[in-house]
Amino acid sequence: MTVVPLVLLSLQKTNMLEVKNLSVFYGRIKVVHSIDFSVKKGSCVALLGPNGAGKTSTISSILGTVSSSGSIRFLDKDISKMHTEERVKLGISIAPEGRRVFSNLSVFENLFIGSAIREDRKAADEEINAWLKTFPILDERRDQAAGTLSGGEQQMLTIARALMSRPKILLLDEPSLGLAPRITRQVFELIQDLKAQGMTILLVEQNATEALKLADFSFILNSGNVIASGSSEEILNKGDLMSSLTGVEA
Amino acid sequence: MRIFQSIRSFKNAVWGASLLSILVAGIGLLVIVFGEKYHLRLVYAAYVNLLVVLGLQVFMGNTNITNLSHSAFMGLGAYVAAICVTPVTIKKLSLPDAPWGLNTFELDAFSSAIISLTITGFLAFLTGLIIVRLSGIGATIVTIAILVIVHSVFMHRTDIFKGKQAFFGIPQVFDLYSIIIISIGVIFVARFFRESKWGIQLRASSDDDTSASAMGVNIFNLRLFAWTLGGLILAMAGICYAYFLGTISARPFYFSHVFLTLAMLILGGMRSITGAVLGTIMITFGLEWVRFMETGPVLIGIKFPEMLGLSGITLGAVIVLIMVLRNGGLVGNFEIEQMFLKGRNVPKV
Amino acid sequence: MDYIVQQTLNALSFGAEYALIALGLAIVFSIMNLVNFAHGEVIAIGGYTMMVMATLAFKNPIIIILGAVLAAIIMALFLERIAFRPVRYADATTGLLTAFGVSLILQNLFLLLVSPRPIAVTSMYFLDWPIRLGPIQISSLQIFETLATLIAILLLVLFLKKSLLGIAMRAASLDFEMVRLMGIRANRVIAAAFAISGLLAGIAAIFIIARRGAVDPTLGFNPVLKAFVACVVGGFGSLPGAVLGGFLLGALEVGMLVLLPQSYGGMKDAFVFAIIAIILVWRPEGILSPPKEKGDKI
């Protein structure tokens, strides 16, 4: 607990996303209790924790699809009262839990709709082609319904779709959920590449081992509270806590 | 087999139904004592609507599936009873071409009512077999189909139903006292069904089929039972209608009556019997006033213009406002005895 | 043979009208789960607009047509804004009852403000003249109606396939929240759906008026009841289903007229609705039920 404020202090100037006193509600039920966290520009921050810890609720509140209280500042603007659509336009994009590709649209249309907020049509079209080149399987199914893709392919499409809006921060919710180990590795490689290109990433994961490899800084959630935070090393050093909550053997 | 899950729910049902009965009977008796002849007819019609609303509540309130066919079942009840009870001499005149010897027999009022209940109940059961297999909006759609089918049969089999023309010569069997007694009986039936374990299971399942099936409840049979019971009450409403007015025609058993009674039910709150009764009373009195305004009366020296359509606008506005502002109706799940049994643990399913 | 061709053309034009109206219902339902029974009154507004324009001495039929269509679009958008937005996230039944309420209000407003009786509108009669094709006699109106419907369907398909808003509408029928997460405003998508439904209602109004030559408060109620049935049979919320259902219903109706003996002619509706009920028992979701899942969870 003593380490956190110091770290936060040193990051203050370059925080892209800053969440303070955030509580999330489903009707009258509070599922996240006044948590604080922040994401520095260009960094990868992970929210870890067991099932039902409030990770997805937290990430959803950043985009305003669940009701919440507290302050959410993005690029020094309070966005907590904005509509979801406005937040997206400011540069937040999400690859949601369960992927949620538009299964009745073609692969191309999924990418196309991802670029909905962009004005530079030509550059966007080139980017779609670039993505299709990166994932040849998507290119093969360019005009087929996205629902016919496998889980891993859908995940790639979801991330590509989220990036089509040229976001300043990318929220990834359980990108490895339900994927085979080989596919999971590919997904994390993709995230690694994005990070290397300087993308700011907020990652929600149950697969703590992989997430800790990627993350510069992590917050551990349990029952709607932040119970620990720190760099991957610090987290791994807290051995007992980690193994009980995330199954990672320190 | 036990009908109620606890003594308490039985007691609540008796209390609530009794209080509503006192209310309903009280209004009727006041009119009998103080009202004029023309009021009697109006109040009688209001009681018929109350029966329809209660019949509607039994299915809609417990299953949360919107039914729009209720006026058709009421019409069936009315016509079957009317055809049975009307004297042969009149039927020879009014239904000269009736098939199956329908114009060659006449029965007493009681047997006619039993036959009407049997036939309408059986038709309700048959249609129920379809309805209960569907869910939500799909079921509602089939109820619309039933309404249209029954209505076009009424309209076009003029040899039996006389269509747009009046089916006349039905002996007057009932008076206001009779329908007050019947209303009280139906209030008890509807309230007992709501509080019975079947009613509770139905309401528990109305939001979520899967969980209810997991609970081991045979939802289809329960829904079918509620639908058929509702159908019988609606038939009873139709019989009462025919047994007082003396003439019936197909027109009143269609959309405008469907919406009138539906507005009554959802205004009060379709999940409770108290809501059904309250909504019926409010709309009945409210509409009477609106109809008065429609005719362009002179009030405090001001001549109001004639405003045909005002009652329809009012009904529509009631429906829209309730849906937008207070989806559960005015009282929601509230039942009248809760006003008097405060502090005691009244189940709120 | 001539008889068959003639009846087929009849069925097509009946079906075209139902398909046109059914599409308007389906496009709104697919996006916001609303069974918009007030669609009939949007059609009626088109009819009343023609009446008003005719009395204001507008002679040019093109202007009257444009005026009617525009009025229908504005009416649809207006209803969305004041009546349906508050129940946008409610369940389908709440939406259905709201729409019935709105329909009741509007019908009675027409009755109160205009007249309970039909009023003649003859400005669309010019669309209707008899055409002889060899031994077959048909009406130009039937051809116009079928053609207009086909063109409308074609344009709608193009819009839904090619434009961003169209693609967003298709996406929204599956997962509206995800569409908002793409930064596309919910109000825009829904307004587009209502505008299209209004446009289709306006076109339908032109043909209904051309055939009936009069407007009354319940002008749209029965056609919408039929179109609603068409939607149900085709699979509610499915646009191809709405078109299929519309043409199927047209074929059924004409079939009933041809097959039923004269004395049963009035019972056409009863038979049609009974067949519909049977189809629903066989396939409760309709023939082409739309996909339901919200993305794959695992």
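**Section: the packing of aromatic side chains**
And then number 1: On inspection of all chains with the given rule, the structure shows 31 aromatic pairs over all chains.
And then number 2: Ring geometry for tryptophan 129 of chain C versus phenylalanine 144 of chain C: centroids 5.8 Å apart, planes at 75°, classification edge-to-face. Here the residue tryptophan 129 of chain C occupies a position in the loop between strand S1 (119–120) and strand S2 (130–133), and phenylalanine 144 of chain C occupies one in helix H5 (residues 140–162), the gap between them amounting to 15 residues.
And then number 3: Phenylalanine 144 of chain C sits in the partly exposed class, given a relative accessible area of 31%.
And then number 4: A connected cluster of aromatic rings, assembled from ring pairs, spans Tyr254, Phe255 and Phe259 of chain B together with Phe37, Phe100, Phe221 and Phe228 of chain C.

**A few points about the interface of chain A and chain C**
And then number 1: The interface of chain A with chain C comprises 27 residues on the first partner and 25 residues on the second.
And then number 2: With both chains or domains summed, chain A and chain C bury close to 2,500 Å², and 60% of this area falls on carbon and sulfur atoms.
And then number 3: Considering only the surface of chain A that becomes buried against chain C, Glu85, Arg100 and Phe102 of chain A emerge as the three largest contributors, covering 25% of it.
And then number 4: Joining chain A to chain C, the criterion identifies 4 salt bridges.
And then number 5: A salt bridge links arginine 100 of chain A to glutamate 177 of chain C; its shortest N-O distance comes to 3.1 Å.

**As for the nonpolar core**
And then number 1: Leu17, Phe37 and Leu202 of chain A together with Phe37, Phe84 and Val189 of chain C are the most contacted members of the largest nonpolar core, which has 297 residues in total.
And then number 2: Here this core gets 17 residues from one element, more than from any other, and that element is helix H8 (residues 186–212) of chain C.
And then number 3: Sequence-distant contacts of leucine 202 of chain A, defined by excluding residues within four places in its chain, comprise Leu17, Phe37, Val39, Val45, Leu47, Ile59, Ile62, Leu170, Leu171 and Leu172 of chain A.

**A look at the environment of leucine 17 of chain A**
Residues and elements named next belong to chain A.
And then number 1: Here leucine 17 shows up in strand S1 (residues 15–26).
And then number 2: Sequence separation between leucine 17 and isoleucine 72 is 55 residues, and the spatial gap between their C-alpha atoms is 7.4 Å.
And then number 3: Leucine 17 has contacts with Phe37, Ser38, Val39, Ile62, Ile72, Arg73, Phe74, Ile169 and Leu202, leaving out every residue within four places of it along the chain.

**Things to note about the sheet that holds strand S5 (residues 77–78) of chain A**
And then number 1: Reading across the sheet, the 4 strands line up as S2-S1-S4-S5 (chain A) and stay open at both edges, with antiparallel pairing between neighbours. Across the chains shown, the open sheet's two edge strands, defined by having one partner strand only, are strand S2 (29–40) and S5 of chain A.

**Some details on the confidence of the model for chain C**
Residue and element names in this part refer to chain C.
And then number 1: Chain-level statistics for chain C give a pLDDT mean of 87 and a share of 95% at 70 or above.
And then number 2: Mean pLDDT values for the elements of chain C range from 77 in helix H11 (residues 268–282) up to 94 in helix H3 (residues 61–84).
And then number 3: Long-range and interchain partners of residues 293–298, a stretch whose pLDDT sits below 50, account for 15 contacts in this model, where long-range means more than four residues apart.

**What to know about the interface of chain B and chain C**
And then number 1: Each partner contributes to the interface: chain B provides 35 residues, whereas chain C provides 36 residues.
And then number 2: Inspection of the region where chain B meets chain C yields 0 salt bridges.
And then number 3: Counting the contacts that link chain B with chain C gives 1 residue pair in polar contact (both at pLDDT 80 or more).
And then number 4: Contributing elements (two or more residues each) for the side of chain B that touches chain C: helix H6 (136–156), helix H12 (255–268) and helix H14 (310–325) of chain B.

**Brief notes about helix H1 (residues 7–34) of chain B**
All names here are of chain B.
And then number 1: The end-to-end C-alpha separation of H1 is 40 Å, in line with the 40 Å expected for 28 residues at 1.5 Å each.
And then number 2: Of all the positions in H1, only Ser9, Asn12, Ala13, Gly16, Ala17, Leu19, Leu20, Ser21, Val24, Ala25, Gly28 and Val31 are classed as buried.
And then number 3: Summarising the contacts, the buried residues of H1 are in contact with helix H2 (37–63), helix H8 (176–195) and helix H13 (273–294).

Cut-offs applied
Residues numbered from 1 in each chain as written. Chains lettered and ligands numbered in written order. Predicted model: local features only at pLDDT ≥ 70, side-chain atom pairs only at ≥ 80, totals over all residues. Heavy atoms only, no water. Phe/Tyr/Trp six-rings, centres within 6.5 Å; stacked < 30°, edge-to-face > 60°. Helix = DSSP H or I, 4+ residues; strand = E, 2+ residues; numbered from the N terminus. Buried < 20%, exposed > 50% of the residue type's maximum accessible area, 1.4 Å probe, protein only. Contact = heavy atoms within 4.5 Å. Buried area = accessible area lost by both parts, 1.4 Å probe. Salt bridge = Lys/Arg side-chain N within 4 Å of Asp/Glu carboxyl O. Core = buried A, V, L, I, M, F, W, Y, C linked by side-chain atoms within 4.5 Å. Pairing = 2+ DSSP bridges. pLDDT = per-residue confidence, 0-100. Polar contact = N/O pair within 3.5 Å; in protein donor to acceptor, adjacent residues only side chain to side chain. Expected span 1.5 Å × (residues − 1).

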